[in-house]
Amino acid sequence: MDFSIKAADKKNSLSGIQTDCIVVGVFENGLLSQHATELDTHGEVTQATRSGDISGKAGSTLLLHRTKGARASRLLLAGLGKEPIISEKDFTTAIAAIVQALSRLGAKSALLALPFDDVKHHHTGWAIQTIVIAAANQAYRSDTLKSKRDAPPAGVRKLGFYVPPVNRAGARKALAQARAIATGVELARDLGNLPANVCTPSYLGEQAKKLSDKYAFGVQVLDKRQIQSLKMRSFLSVARGSDEPPRLIVLRHHGGKPKDPPIVLVGKGLTFDSGGISLKPGAGMDEMKYDMCGAAAVLGIFRAIGEMKLKKNIIGIIPSCENMPSGRANKPGDIVTSLSGQTIEILNTDAEGRLILCDTLTYAERFKPACVIDMATLTGACIVALGHHHSGLFTRDDEAHNQLAESLLSAGKAANDTAWRMPIADAYQEQLKSNFADIANIGGQPAGSVTGACFLERFTRKYTWAHLDIAGTAWKSGPAKGATGRPVPLICTWLFQSE
Ligand code: BES
Ligand code: MN
Ligand code: ZN
């Protein structure tokens, strides 16, 4: 997809613009948007709305050919719901329908002349980011491993945004950020969708090196021996059950001042989670190839950071291995010593994400971070709590953490990649008591996503920290099975906010 901004100035009157398709908005009560009115000099738009062929409800569309009011060969009318202020929901519904419609046209180029600035609580930049990501997601294909590729995306390949001259600079900036985010989402989706026999820990390491070559990041891909000498024994206890060697991937982007403390992003990189000796049931187990979506998100975010040449210092850390049953695998009751020194009783080998993350979170201390954000497909319980709409956001309950939480939540809203805050409190830590070690790796049935977060919390007390449980949001099941690329938009929007 190729995106551009076109200024709505005198030499670019909408009716005179030559393009395969112009998209304008109409409303539920038959009222036309400003740009629809501009193209209605021969009454063709009014006729279309009066005829009842388009209701104006969000999501409705109607294609008109060769209208006299415009030089463009097609006019796509798009329902935007109620006017004058468009609700966020109506706008995103309309965008989904528009992107769908455009993907089926014979048209190659289109110009969107929508009231981008009239969405409740949002501005033109938000509308542009929403559309770019929706259009890129619509054009996405996951057919690299099919012997016969799917039909390439048809329809519009060039999408322009028609904005008033005063909004041009802001629109350009928003477009650059949105493009970067879309490439990040694409990488995260690609990696997530790859099967575990292709996307191994070493493969993720190779991808990190490729990114580093392209964008001049610093990169280290530590192998088993190097992880051993770091004494990350909790991480290694999980990796040991598999024949596939583990990797600890460290990416560095130095875009800020040398002394600026870095933001550290940690991503869970289980390239396959069978559960280990606490084996998962067979049905749907293939979906545990997605247990590296946190890692994929970190790599996707780095791609976006590289595209934007972000003026901040960012470190990405990815612990990656498989969780498999074998003669060398963790056994329920095993006790390991984490890098922090805390001993852990592994009561369930399927709670492995926290075992590889806890050592990584301790390792993160050495970067003296401004803050650490981990993203992990950590618990099925998070899906029970929040479903597939919001990621779970966990931080401690104090001033610095509440600020971090607020800024992440609002970035999520701005990015259409929302999170919902969940509690962390000492009361829940009780559930992680062990008779034989400092801490158990499971806390029983109640509040499973909270006890998972509380486990991690014990390894993050030296810095400001947030945890995103993306178990319900990183991929879709069912007929539309596939990685979503979340939370790349959330984190990128958060990182780009002050740029
Ligand atoms: N990767 C899973 C979490 C998961 C499960 C994500 C289903 C998405 C869908 C994680 O490693 C896991 O197995 N967690 C256990 C924890 C339990 C043993 C305390 C779970 O959620 O059942
Ligand atoms: Mn597991
Ligand atoms: Zn897992």
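Each residue is numbered by its place in its chain's sequence as written, counting from 1. Following the order in which they are written, the chains are lettered starting with A and the ligands numbered starting with 1. The model is predicted, so local features are restricted to residues of pLDDT at least 70 and side-chain atom pairs to those at 80 or more, both for listing and for counting; the totals for chains, interfaces and linings are taken over all residues. To obtain the side-chain values, all non-hydrogen atoms of the structure were included, while hydrogens and water were left out.

1. Quick word on the overall build of the chain
Put simply, the rule is: Going along the chain from the N terminus, every DSSP run of H or I of four or more residues is numbered as a helix, and every run of E of two or more is numbered as a strand. Values of the radius of gyration come from C-alpha atoms, whereas the globule rule sets the reference at 2.2 Å times the count of residues to the power 0.38. Each residue is assigned to one of three classes by its accessible area relative to the maximum for its type, calculated with a 1.4 Å probe on protein chains only: buried under 20%, partly exposed between the two thresholds, exposed over 50%. Charge counting treats Lys and Arg as positive and Asp and Glu as negative, with His and both chain ends excluded. For this purpose, a charge sits on NZ of Lys, CZ of Arg, CG of Asp or CD of Glu.
Summing up its helical and strand segments, the chain has 15 helices and 20 strands in all. A globule of 499 residues ought to have a C-alpha radius of gyration of about 23 Å, and the chain, at 25 Å, matches this closely. Here the chain holds 499 residues, and the buried ones make up 57% of them. Computed over 59 positive and 47 negative side-chain charges, the separation of the two mean positions in the chain equals 6 Å.

2. Points about the site of ligand 1
Applicable threshold: Any residue with a heavy atom positioned within 4 Å of a molecule or strand is treated as near that molecule or strand. N or O atoms closer than or at 3.5 Å make up a polar contact, with two conditions inside protein: a donor-capable atom paired with an acceptor-capable one, and, for residues adjacent in sequence, both atoms drawn from side chains. Accessible surface area values rest on a Shrake-Rupley calculation with a 1.4 Å probe, where residue burial reflects the displayed protein chains alone. Gly is put with the polar residues, along with every residue not named as nonpolar or charged; the nonpolar set is Ala, Val, Leu, Ile, Met, Phe, Trp, Tyr, Cys and Pro, and the charged set is Asp, Glu, Lys and Arg.
Taken together, 17 residues sit near ligand 1, with Lys280, Asp291, Asp350, Glu352 and Gly380 positioned nearest. A distance of 2.9 Å is found between an oxygen atom of ligand 1 and a side-chain nitrogen or oxygen belonging to Asp273. Between ligand 1 and Gly380, the relevant distance is 2.7 Å, taken from an oxygen atom to a main-chain nitrogen or oxygen of the residue. Against a free-state accessible area of 510 Å², the protein chains account for coverage of 78% of ligand 1. Looking at the shell around ligand 1 residue by residue, the classes come out as six nonpolar, four polar and seven charged.

3. A few points about the sheet that holds strand E5 (residues 109-113)
Spelled out, the test is: Here, any two strands with at least 2 DSSP bridges between them count as paired. Axes here mean lines fitted to C-alpha atoms, for a helix over just the part in contact, with angles spanning 0 to 180 degrees between N-to-C directions.
With respect to topology, six strands assemble into an open sheet ordered E1-E6-E5-E2-E4-E3, the strand pairing being mixed. In this open sheet, the two edge strands, each paired with only one partner strand, are strand E1 (2-7) and strand E3 (61-65). Neighbour to neighbour, the strand axes of the sheet diverge by 25° on average, direction disregarded. With three bridges joining them, strand E2 (residues 22-26) and E5 adopt parallel strand pairing. Looking at E5, one finds that Val24 is bridged to Ala113.

4. What about the nonpolar core?
The criterion, for reference: Among buried residues, the Ala, Val, Leu, Ile, Met, Phe, Trp, Tyr and Cys ones that are joined through side-chain atoms within 4.5 Å form a nonpolar core.
Within the largest apolar cluster, 61 residues are counted, with the highest numbers of intra-cluster contacts made by Leu265, Met375, Ile491 and Leu495. Top contributing element to this core by residue count: helix H9 (residues 293-308), with 10 residues. Counting residues in each nonpolar core, the second largest holds 44 residues, with Phe235, Val336, Ile344 and Leu386 among its members.

5. Looking at the coordination of the zinc ion (ligand 3)
What counts, and what does not: Counted as donors are N, O and S atoms no farther than 2.8 Å from the metal, or 3.2 Å for Na, K and Ca; water is not among the atoms, and sites may therefore look incomplete. In this scheme the shape depends on donor count and angles: four donors with every angle between 85 and 135 degrees give tetrahedral, four or six donors with opposite pairs above 155 degrees and others between 65 and 115 give square planar or octahedral in turn, and any other case is irregular.
Distances from the zinc ion (ligand 3) to its protein donors, Lys268 (NZ), Asp273 (OD), Asp291 (OD) and Glu352 (OE), fall at 2.0 to 2.4 Å. Around the zinc ion (ligand 3), the six donor atoms sit at angles spanning 78 to 175°, and that spread fits a shape best called octahedral. Positions of the donor residues of the zinc ion (ligand 3) along the chain correspond to the pattern K-x4-D-x17-D-x60-E. A spacing of 3.2 Å is found between the zinc ion (ligand 3) and the manganese ion (ligand 2), which share Asp273 as a donor. One end of the pair, Lys268, is in the loop between strand E9 (263-267) and strand E10 (269-273); the other, Asp291, is in the loop between E10 and H9, with 23 residues separating them in the sequence. Note on Asp291: relative accessible area 2%, which makes it buried.

6. Looking at the sheet that holds strand E12 (residues 334-337)
If you walk across this open sheet you meet the three strands as E12-E13-E17, and the pairing is mixed. Looking at strand neighbours, the two that pair on one side only are E12 and strand E17 (439-440), the edges of this open sheet.

7. So, the side chain of Gln342
What counts, and what does not: Working rule for contacts: check all heavy atoms of both residues, and any pair within 4.5 Å makes them a contact.
By the element assignment, Gln342 lies in the loop between E12 and strand E13 (343-346). A distance of 3.2 Å separates a polar side-chain atom of Gln342 from the backbone oxygen of Arg458. If we ignore the near neighbours within four places in the chain, the residues touching Gln342 are Val336, Thr337, Asp438, Arg458 and Phe459.

8. Comments concerning the coordination of the manganese ion (ligand 2)
All of the protein donors around the manganese ion (ligand 2) are Asp273 (OD), Asp350 (O), Asp350 (OD) and Glu352 (OE); their distances to the metal are 2.0 to 2.2 Å. Angles of 69 to 166° at the metal separate the six donor atoms of the manganese ion (ligand 2), which places the site in the irregular class. In primary-sequence terms, the residues that donate to the manganese ion (ligand 2) follow D-x76-D-x1-E. A relative accessible area of 1% places Glu352 in the buried class.

9. Points about unusual backbone geometry
Working note: non-glycine residues mostly have negative phi, and peptide bonds are mostly trans. Of note, the amide linkage connecting Glu83 to Pro84 takes the cis form, showing an omega dihedral of 0°. Here Pro84 shows up in the loop between strand E4 (74-79) and helix H3 (88-103). Cis rather than trans, the peptide bond between Arg486 and Pro487 has omega equal to 5°. By the secondary structure assignment, Pro487 is in the loop between strand E20 (482-483) and helix H15 (488-496). Here His121, not a glycine, exhibits a phi torsion of approximately 70°, which is positive. Its location among the elements puts His121 in the loop between E5 and helix H4 (124-139). A relative accessible area of 73% places His121 in the exposed class. The backbone phi angle of Lys309 is positive, close to 50°, even though this residue is not glycine. Counting through the fold element by element, Lys309 comes out in the loop between H9 and strand E11 (313-323). Residue class for Lys309 comes out exposed when judged on its relative accessible area of 64%.

Structural measurements only, silent on function.
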